[in-house]
Amino acid sequence: MDDDKIFDKISEVGLKKTMERSYIDYAMSVIAARALPDVRDGLKPVQRRILHSMIELNNGPDKPHRKCARIVGDTMGKYHPHGDSSIYDALVKLAQDWNTRYPLVDGHGNFGSEDGDGAAAMRYTEARLSKISMEMLADINKDTVDFVPNFDETEKEPTVLPSRFPNLLVNGTTGIAVGMATNIPPHNLKEVIGATVKIIDNRIEEDRETSIDEIMQIIKGPDFPMGAEILGRRGIEEAYRTGRGKIKVRAVTDIEAMPNGKHKIVVTELPYMVNKALLIQKIVELVKTKRVEGITDVRDESSREGIRVVIELKKDTNANVLLNQLYKHTQLQDTFGVNMLALVDGVPKILNISQMLGYYLKHQEDVVTRRTKYDLNKAEERAHILKGLLIALDNIDEVINIIRSSKSVQDAKNSLIERFGLTEVQAQAIVDMRLRALTGLEREKLEAEYKELMDKISYLKAILADEKKLLGVIKDELLVISQKYGDERRTALGRDVDEVTDEELIERENIVIAMTKLGYIKRMPEDLFKAQNRGGKGIRGMQTIDEDYIENLIVTTTHNYLMFFTNTGRVYRLKGYEIPEAGRTARGVAIVNLLQLQAGEKITAVIPLKSYEDGKYLFMATRNGMVKKTDILEYQNVRKTGLTAIVLRDNDELIEVKATNGDDDIFLITKKGMSIRFNEKDVRQTGRTSMGVKGIHLGKDDIVISMQMSSQGEKILLVTENGMGKRTLISEFNAQNRGGKGVKCYKITEKTGDLVGAKIVTDENDVMIITTEGIIIRTSCDGISTLGRVTSGVKVINLNYDNNVKVASMTEVQKEEFDDEDPEGENPEETEDTEVSEEQSSEEDSTEE
């Protein structure tokens, strides 16, 4: 061949321009036809093609599962000319319920696990469409969406699916294109549909647009398939308003006590897309490299019932501190970077939540309009034919004569058209008409069908003529889907300690805080407890475990502080609303989940506090009779890790703390029935880290059980472990110098047992008495006899002596702290929780010397 001819076919091009053009073409292909979802149906092209292939294969939820290899083969051969592995990976993700909030594919076989295990090969697994995916494909054959030729122009494929629910927000998506990426979290179906309905209602009723604030009142935040907890609202608000934001997601954990005194951290829910096996591997690595110390064992106890990762701790390890270390170094706490990027008319755009729902609603208006036109066209075509048939039936003899006398079908049709003014379609239907149509019953059916069609035509025309009616149709269809497929939120919305909380959003209400001996705590509404007569059996106040019982019942408000004092003399602090609310019989949460207690610490005193005021003091008493008075302002800056409240001697514990005004009489009451009264001025003010001074000189084997103040009431109520009790006037106790032995306040006998509780009360006070079985009785103080100082009292609570049940503790309930009395005006003796027998109420075996 001639050399000149060879060179004629070679053209010189600039490498830079060619590479730029080729790369831009490639980038646009990835962006528009591979990695990013369409804002209307929330699907990438491969996902849309899989679902379309499955519906063409008649592979619906009411049909048997089909081999995934068949589905992948059909998708690849007809619509998606790429690798089969990429198609199968997309199919698998649509079926994994830990990846997709509402799975669009119902998988059968090994589809992988949360540990990152891959699915079995496509020749082994089977699949079919899930029920909710039928809503994605509903009415696709009614000209609701555009179809375009496939890659070789042998088939037609949809450019978008009808998508009867907002799939982009509901299931979310993730994708990496060229120069951009999308990461949209999944949401709760009920919430997303609720927000869409709100937009529709505002347009129908008030003719206005819906603000993002209104939408965010309904859509609280992402709802991940694995559950977990979102910390704070700042990231959510930023993402919803701008389309970009960072959301902190934390695993759901619980710190549980073990029989040997150790603690274990149990993880039951993980952040979205976190690989459980890699997480455990990371924790083990941290232990080996000694970056985290205090873990003795990590094991995976997960099963079909759910995730359960157990982290056992050493005996002296602070579980709360270690958990915070794990949040910092592992994916137990993760950040979900929201980037709400989607294709709008083929162009990638970052959208806020209002725009997303707006584009979806616009798509639905288009879909329902096209479907309505399609249905209207079909109805009009059928009505047109029926009208011709009814004309023929009205003139049946003449029609039969025309058909019989015609030489051909075409002649017969022409004659009918000419005679009755029919169209070609009507004439064809008449010549095709069967003889059975001549019966009276068939004629009635035709007339009924014609009337029904005319009503339907007028209804469809009304929808097309009125946008508000069209929106009403969309709303009704969305509500049906919400009712059918909606479920409750899986992801809880928690508080982020780094964010400033707006306390005004939290309702100020009276609450009862219950805390057990083993350290479980909960918050309950105050009105769960109703007064009963003395001697009643009480109501169950908490589901406890063996050897556990309620030790503290505190009446306060959601906005008051709760100061927790420990046996080692440290103080911690929470607000009332920070304690999780639970039902009356629920066990509550371990206090170690809320406070960063040190090794060996347990709560021994809890006091509610409204505010820190100058001139107020905290007065403390220990088990061994030491007392201390310190300015309350020294305790106003309590750190998360606690603060030293008092320095204790060996074998001593803090048992009671009171907020005082500096001029009160203090009462110390002991287990063996002794009491001392002295003025708090006798105790000099000392600093926060001081030890205090002696308050009472104790006898052998005696300990202080209570410290009270004279300002609390006129009488002191004493209760023993065997359920006996009495009130005694505090005027019978003369004031003396601190440090003495005191005087007898209760006659202790074998029948009464030792004192367990002492409170100074008024006639208006109620008291709650708690047994070692967790039973509570609330009774009015004025129903308990007033007796002398050296007496044994009357029966206050009826105990089950067969099971060796004792009184565990007692607390008073001050009615003036409540906003109002029982709103329903019920007689406490007639309430469901009250059981009082004549024998119990009449038993008052008082013994007085």
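Scoring rules and cut-offs
Residues numbered from 1 in each chain as written. Predicted model: local features only at pLDDT ≥ 70, side-chain atom pairs only at ≥ 80, totals over all residues. Heavy atoms only, no water. UniProt positions renumbered as here; feature names shortened; annotations may be inferred. Core = buried A, V, L, I, M, F, W, Y, C linked by side-chain atoms within 4.5 Å. Buried < 20%, exposed > 50% of the residue type's maximum accessible area, 1.4 Å probe, protein only. Contact = heavy atoms within 4.5 Å. Helix = DSSP H or I, 4+ residues; strand = E, 2+ residues; numbered from the N terminus. Pairing = 2+ DSSP bridges. Polar contact = N/O pair within 3.5 Å; in protein donor to acceptor, adjacent residues only side chain to side chain. Phe/Tyr/Trp six-rings, centres within 6.5 Å; stacked < 30°, edge-to-face > 60°. Salt bridge = Lys/Arg side-chain N within 4 Å of Asp/Glu carboxyl O.

- The name given to the protein in an unreviewed UniProt entry is DNA gyrase subunit A, with the source organism recorded as Coprococcus hominis.
- According to the UniProt record, the Subcellular location (unreviewed entry) comment for the protein reads "Cytoplasm".
- Of the protein, the UniProt comment under Catalytic activity (unreviewed entry) reads exactly: "ATP-dependent breakage, passage and rejoining of double-stranded DNA."

1. Notes on the nonpolar core
The tendency in soluble globular proteins is for nonpolar side chains to be buried side by side.
Stage number 1. Core analysis: the biggest nonpolar cluster contains 76 residues, and L51, F165 and L189 have the highest contact counts within it.
Stage number 2. Aside from chain neighbours lying at most four places away, what touches F165 is L104, I132, E135, M136, V170, L189, I193, Y360, L478 and I481.
Stage number 3. M226, L313, L332 and Y520 belong to the second largest nonpolar core, which has 43 residues in total.

2. A closer look at the pairing of strand β23 (residues 570-575)
Stage number 1. Where burial is concerned, most of β23 is hidden: 5 out of the 6 residues are buried.
Stage number 2. Relative to β23, strand β22 (residues 561-566) is paired through 5 bridges, and the arrangement is antiparallel. Within the sheet, the bridge partner assigned to Y561 lies in β23 and is K575.
Stage number 3. Between β22 and β23, which pair antiparallel in sequence order, lie 3 residues; one of them, G569, sits at a positive phi of approximately 85°.

3. Comments concerning the sheet that holds strand β40 (residues 794-795)
Within a sheet, neighbouring strands are paired by backbone hydrogen bonds and run either parallel or antiparallel to one another.
Stage number 1. Taking strand neighbours across the sheet as the criterion, the 4 strands line up as β37-β34-β35-β40 in an open arrangement whose pairing is antiparallel. The open sheet has two edge strands, β37 (755-761) and β40, and neither has a second partner.
Stage number 2. Direction of pairing for strand β35 (residues 724-729) relative to β40: antiparallel, over a ladder of 2 bridges. Across the sheet, M724 pairs through a bridge with K795, a residue of β40.

4. Considering the side chain of N567
Stage number 1. The residue N567 is located in the loop between β22 and β23 in this model.
Stage number 2. Polar side-chain contacts of N567 include one of 3.0 Å to the backbone nitrogen of K602.

5. Focus on unusual backbone geometry
Stage number 1. Here D143, not a glycine, exhibits a phi torsion of approximately 60°, which is positive.
Stage number 2. With respect to the helices, strands and loops of the structure, D143 is situated in the loop between α6 (133-137) and β4 (147-149).
Stage number 3. Its relative accessible area of 45% is what places D143 among the partly exposed residues.
Stage number 4. One non-glycine residue, D345, lies in the positive phi region at around 55°.
Stage number 5. Note on placement: D345 falls in the loop between β15 (341-344) and β16 (347-350).
Stage number 6. Look at D345 and you get exposed, because its relative accessible area is 74%.

6. Examining the sheet that holds strand β30 (residues 665-670)
Stage number 1. Judged by pairing direction, the sheet is antiparallel, and its 4 strands sit side by side in the order β33-β30-β31-β36 without closing on themselves. Either end of the sheet is taken by a strand with one partner, and the two such strands are β33 (704-709) and β36 (743-744).
Stage number 2. By the bridge criterion, 5 bridges tie β30 to β33 in an arrangement that is antiparallel. Bridging from a neighbouring strand, T670 pairs with V704 of β33.

7. Topic: the environment of L341
Stage number 1. Residue placement: L341 occurs in strand β15.
Stage number 2. With relative accessibility at 6%, the residue L341 sits in the buried group.
Stage number 3. Sequence separation between L341 and M28 is 313 residues, and the spatial gap between their C-alpha atoms is 15 Å.
Stage number 4. For L341, the residues in contact, after removing those within four places along its chain, are L36, P37, M180, A181, T182, I184, P348, K349 and I350.

8. Observations regarding the packing of aromatic side chains
Stage number 1. Summed over all chains, the structure comprises 6 aromatic pairs.
Stage number 2. For the ring pair F224 and Y272, a centre distance of 5.2 Å and an interplane angle of 20° mean the geometry is stacked. Note that F224 is positioned in the loop between α9 (212-218) and β8 (229-231) and Y272 in the loop between β11 (263-269) and α11 (276-288), a separation of 48 residues in sequence. For the pair formed by F224 and Y272, the shared burial category is buried.

9. Concerning the pattern of salt bridges
Stage number 1. All told, the structure shown has 52 salt bridges when counted by the stated rule.
Stage number 2. For the salt bridge of E365 with R203, the shortest nitrogen-to-oxygen distance reads 3.3 Å. Of this pair, E365 sits in helix α13 (residues 353-394) while R203 sits in helix α8 (residues 189-206), placing them 162 residues apart in sequence.
Stage number 3. What makes E365 buried here is its relative accessible area of 15%.
Stage number 4. Across the pair D213 and R241 runs a salt bridge, and its minimum N-O distance is 2.4 Å. Note that D213 is positioned in helix α9 and R241 in helix α10 (residues 234-242), a separation of 28 residues in sequence.
Stage number 5. The partly exposed category is assigned to R241, whose relative accessible area is 36%.
Stage number 6. One connected set of salt bridges, linked through shared partners, spans D297, R299, E301, R308 and E312.

10. Brief notes about the pairing of strand β39 (residues 775-780)
Stage number 1. When you tally the buried positions in β39, you get 6 out of 6 residues, the bulk of the element.
Stage number 2. Of the two faces of β39, the one lined by I775, I777 and T779 and the one lined by I776, R778 and S780 are each fully buried.
Stage number 3. In this sheet, β39 lies alongside strand β38 (residues 766-771) in antiparallel orientation, the contact comprising 5 bridges. When the sheet's bridge partners are listed, I769 is paired in β39 with I777.
Stage number 4. Between the antiparallel neighbours β38 and β39 lie 3 residues, among them G774 with a positive phi of about 85°.

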